Amino acid sequence: THGYVFWVKVLLVYSEGFVSPCCVFPSARSDPDEDPCGRTYCGRGRQCVLMAGTGRAECVCQEKCRPSFVPVCGSDGRFYENHCEVYRTACLERRRIYVVHSKDCFFKGSACTMSEYNKLKSMLLDMQPTVLKSGEQSQQRDMEEKRALVDTMFKYLDVNQDGRLISDELEKVSMKEHLEDNLLECTMHDLLRYDDYNNDGHLSLHEFYTAFQVIQLSLAEDQRISLSVVTVGLSAVLTCAIQGTLRPPIIWKRNGIILNFLDLEDINDFGDDGSLYITKVTTIHMGNYSCHAYGYEDLYQTHVLQVNVPPVILVYPETQAQEPGVSASLHCYADSIPNPKLLWLKNGMDLQLSSSTQLSLIANGSELFISSVRYEDTGAYTCIAKNDVGVDEDISSLFVEDSAKKTRLSVGNMFYVFSDEGITVLQPNECEIRRHMKRTERIVATYEEMCPKGEGISPQRCVWSSAVNVRDKYIYVTQPLQSRLLVVDIQAQKVVQVDPFPVKMLYDKSHDQVWILTWGDMDKGHPTLQVIPQASVGEVHHAIRTTFQRVNDFFIPSTNLIITHVRFAFVFLKNEPAVHKIDLETFHRVKTISLKNYSCIPASMAYTHLSGFYFVQCQHKSLLHAPAQILIDSVTDAVIGLNLNVTGQAYVSPDGRYVVTPDPEGSKMIVQTVSFQGELSLNRVIDEPISVSDLVFQPSFTESNQHVVVATSGSGTDLLFADLSSGHVEVLRSLKEPLPPRAWPWGGPNRVVVSSGLFGQYLITPSVESLFVLNGKHRTSHCEVSDIKRANTVVWVGEV
């Protein structure tokens with residue numbers, strides 16, 4: 001029902017069913033210059049006019065209403081095209097007429113019901129010459145054929161070819177075709193009665209299309225591709241530009257997956273206009289979204305969504321002390337979208353680089369190098385990172401003093417190396433062993449030997465398989481044969497008992513948890529997945545066994561400067577073509593993503609937060625075919641399909657921008673990039689003369705926001721450096737033989753390579769009986785540390 005509120009000053013007088021137009025006239029106190037109609041209210045259907053003779057305001061019936069088609073029924077049983085016409089007629093006929101909420105008046109007094117009218121239109125369509133139909137039919141092609149029929153009919157009916165159908169033209173065709181002989185209750189005149197929406201006495205082609213339910217869709221050429229840019233954390237609205245009469249519902253897709261029917265927490269509202277709403281946008285939402293009208297897939301609009309991120313900055317070192325005359329470096333790393341520009345200040349003032357011979361900026365400002373420090377170089381150096389959506393800054397302090405070596409404020413960074421003989425703590429810059437914990441050393445808490453002798457006559461040695469750094473406070477390292485983890489901190493060591501044969505660990509920094517995969521025995525007969533909560537706090541550490549059975553492997557995405565929190569892990573079960581999505585807080589299974597359509601049993605995973613791609617490596621199906629690589633979209637948890645023809649294990653750079661896959665059967669490395677619009681594309685193919693065992697990323701020392709790949713050989717003595725931005729490759733040779741694969745039964749690479757953090761230039765890789773420390777900046781061998789055997793478990797512990 002419609003209710004209307006009128007001011008008391010408006011008086012409606014009803015007498016004997018007639019409406020008396022009554023107006024409020026100006027009083028004697030009115031301003032003579034004021035328009036009397038400005039203070040005069042007339043009821044609906046009437047308007048105020050100034051009488052020529054008297055100049056007084058008077059209410060009269062409206063001459064006409066604004067053209068709009070909102071059909072209603074009047075209480076007099078007549079059809080009106082809008083509310084205004086109801087009340088205008090009431091005024092003219094001086095009787096009360098009101099709107100009734102019924103459609104009876106549309107058909108009242110006529111045998112031409114809606115059903116009969118539809119029969120007439122169907123007969124008219126059938127009378128048109130048929131269009132030759134192709135074998136393959138679709139809703140869109142059917143509509144094109146229907147539109148052609150209606151076009152033909154309109155031209156035939158439009159005798160004078162003026163683009164309008166009037167009553168006379170319809171009557172002539174009706175007589176010519178003898179339509180009245182078809183015993184229908186409706187006539188050609190009912191076309192005007194039902195479908196002349198604007199009541200102008202003729203039918204336009206647009207009205208004719210509507211009458212016959214011809215859907216007309218259009219998309220401007222310049223709107224076929226639309227770029228939207230939104231800042232992370234805000235909401236985005238993507239509006240489909242496809243327009244047309246009787247437009248069907250809008251369907252949205254991402255990576256070929258229909259979004260409308262998915263229950264997504266961040267894409268959960270489709271507006272009446274067909275818009276797509278994304279709440280609290282993150283970097284996983286970047287990429288392409290397409291929209292089309294339901295049933296009309298050939299006409300679609302592509303929305304490219306770029307998610308901008310303000311800079312997040314990190315400097316190193318926070319504080320350093322140097323003696324006069326030596327060189328000093330201050331490092332600054334910033335991640336953002338788009339890439340940031342870096343600027344340095346000293347004590348709040350711009351650096352005078354042009355007038356200084358000792359100051360220089362390297363790698364677009366990523367490093368401030370002072371060739372020979374002086375006392376006046378002491379100060380607070382601020383690195384500022386800016387892009388289009390934000391700014392961030394941090395300070396690195398330098399003290400120049402005579403006794404800097406004795407009062408050095410920064411603590412040296414170390415590699416912890418786990419070998420047959422025990423644990424070696426190595427300072428890479430001077431290649432100095434700072435500490436060695438022998439296998440016979442006693443654990444403080446239990447007084448057990450660190451590596452107790454096993455049963456039988458086998459020689460006593462340490463057996464390690466995996467280690468993780470927990471917030472630079474502890475190192476957790478697995479001892480498979482002892483069914484335990486050794487927890488190493490600065491003061492002492494302790495153990496955590498776990499299920500037999502713990503072989504793999506990952507640290508979930510977001511929830512401060514260490515996840516452990518145990519095999520149960522050497523044949524992986526009774527695997528379990530266990531979790532140590534609050535891994536970096538407390539004195540007592542204990543493992544919780546999860547409920548997952550037959551676990552073959554698991555994966556936890558890593559964090560970076562932009563992505564500081566991870567919500568889900570993934571578990572692979574033995575011989576099952578699926579990955580199971582696990583909530584890291586509750587350890588419960590959230591979803592199972594089937595890979596059955598690709599006959600893919602997962603072997604490994606990698607992840608980039610840019611557009612949210614998961615890269616799943618499948619196990620070998622046979623000796624003849626390399627394992628395929630499957631793409632999963634983290635927004636929809638849907639399998640997108642094969643990643644081109646890429647095969648093998650994927651490695652993703654820390655910033656998510658590069659995906660590197662060594663070909664397991666050839667001598668090449670596939671490099672893909674993810675753009676700031678979320679597009680995954682092939683960047684280059686790098687020829688690599690080694691069979692890759694392990695791969696690690698180092699930030700470029702010559703360009704900001706670029707990376708170098710360092711890869712070891714699992715069978716030879718060579719090591720490879722590959723610049724991802726240029727494709728330039730250098731090979732470092734003669735690093736001695738790695739451990740044979742059979743001597744490393746714990747899975748993973750048989751020759752690891754470990755870097756010294758975000759700002760470190762050193763790397764470590766083991767051979768059978770020694771360690772090689774590499775200088776990544778100069779791409780040379782820095783030193784060799786002998787008599788460290790089977791040291792294939794290495795952890796970096798640093799300040800950053």
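Overview of the structure. (Residues numbered from 1 in each chain as written. Predicted model: local features only at pLDDT ≥ 70, side-chain atom pairs only at ≥ 80, totals over all residues. Heavy atoms only, no water.)

### Let's talk about the packing of aromatic side chains
- According to the stated counting rule, one finds 14 aromatic pairs in the structure shown.
- Here a set of aromatic residues connected by ring pairs shows up, and it is made of F154, F208 and F212.
- A cation over a ring is seen here: R193 above Y194, with NZ or CZ 5.2 Å from the ring centre. (Phe/Tyr/Trp six-rings, centres within 6.5 Å; stacked < 30°, edge-to-face > 60°. Lys NZ or Arg CZ within 6 Å of the ring centre and 35° of its normal.)

### Description of the pattern of salt bridges
- The full count for this structure, using the stated rule, is 25 salt bridges.
- When the shortest N-O distance is used, the salt bridge between K777 and E367 registers 3.7 Å. You can see K777 sitting in the loop between strand 55 (770–775) and strand 56 (780–786) and its partner E367 sitting in strand 23 (residues 367–370), a full 410 residues away along the chain.
- Owing to a relative accessible area of 32%, K777 belongs among the partly exposed residues under this scheme.
- Salt bridges here are not isolated pairs; linked through shared partners, they connect D335, D655 and R657. (Salt bridge = Lys/Arg side-chain N within 4 Å of Asp/Glu carboxyl O. Helix = DSSP H or I, 4+ residues; strand = E, 2+ residues; numbered from the N terminus. Buried < 20%, exposed > 50% of the residue type's maximum accessible area, 1.4 Å probe, protein only.)

### Points about unusual backbone geometry
- Of the consecutive residues Y316 and P317, the connecting peptide bond is found in the cis state with omega at -10 degrees.
- Take P317: it is sitting in the loop between strand 17 (296–316) and strand 18 (319–322).
- In the segment running from I337 into P338, the intervening peptide bond is cis, with an omega of -5 degrees.
- With a phi angle near 55 degrees, N255 is a residue other than glycine that sits in the positive phi range.

### Side note on helix 4 (residues 139–157)
- Helix length check: helix 4, at 19 residues, gives a terminal C-alpha distance of 27 Å against a target of 27 Å (1.5 Å per residue), a fit within 8%.
- Taken as a whole, helix 4 has its buried residues at Q140, M143, E145, L149, V150, M153, F154 and L157.
- Among the structural elements, helix 3 (114–126), helix 5 (167–177), helix 7 (205–211) and strand 17 are those in contact with the buried residues of helix 4. (Expected span 1.5 Å × (residues − 1). Contact = heavy atoms within 4.5 Å.)

### Details of the nonpolar core
- By size, the foremost hydrophobic cluster in this structure holds 83 residues, and its most contacted members are F208, F212, W252, Y289 and F615.
- Top element by residues in this core is helix 4. It accounts for six residues.
- Other than its neighbours up to four places away in sequence, F208 contacts V150, M153, F154, L157, L165, L191 and L203.
- Among the nonpolar cores identified, the runner-up in size contains 23 residues, and V503, W519, L529 and V531 belong to it. (Core = buried A, V, L, I, M, F, W, Y, C linked by side-chain atoms within 4.5 Å.)

### Some details on the environment of F399
- Tracing the chain through its elements places F399 in strand 25 (residues 390–400).
- A residue is classified by how much of its surface remains accessible, and F399, at 36% relative accessible area, is partly exposed.
- Separated by 20 residues in sequence, F399 and G379 place their C-alpha atoms 6.7 Å apart.

### A word on the pairing of strand 20 (residues 341–346)
- Where strand 20 lies against strand 24 (residues 379–387), six bridges are found, and the strand directions are antiparallel. Looking at the pairing, L343 lines up with I384 of strand 24.
- Inspection of the sheet shows strand 20 paired to strand 21 (residues 349–350) by two bridges, in the antiparallel sense. Its bridge partner being in strand 21, K346 is matched across the sheet by M349.
- Linking two consecutive strands that pair antiparallel, namely strand 20 and strand 21, is a turn of two residues; a positive phi of about 50 degrees is found at N347 within it. (Pairing = 2+ DSSP bridges.)

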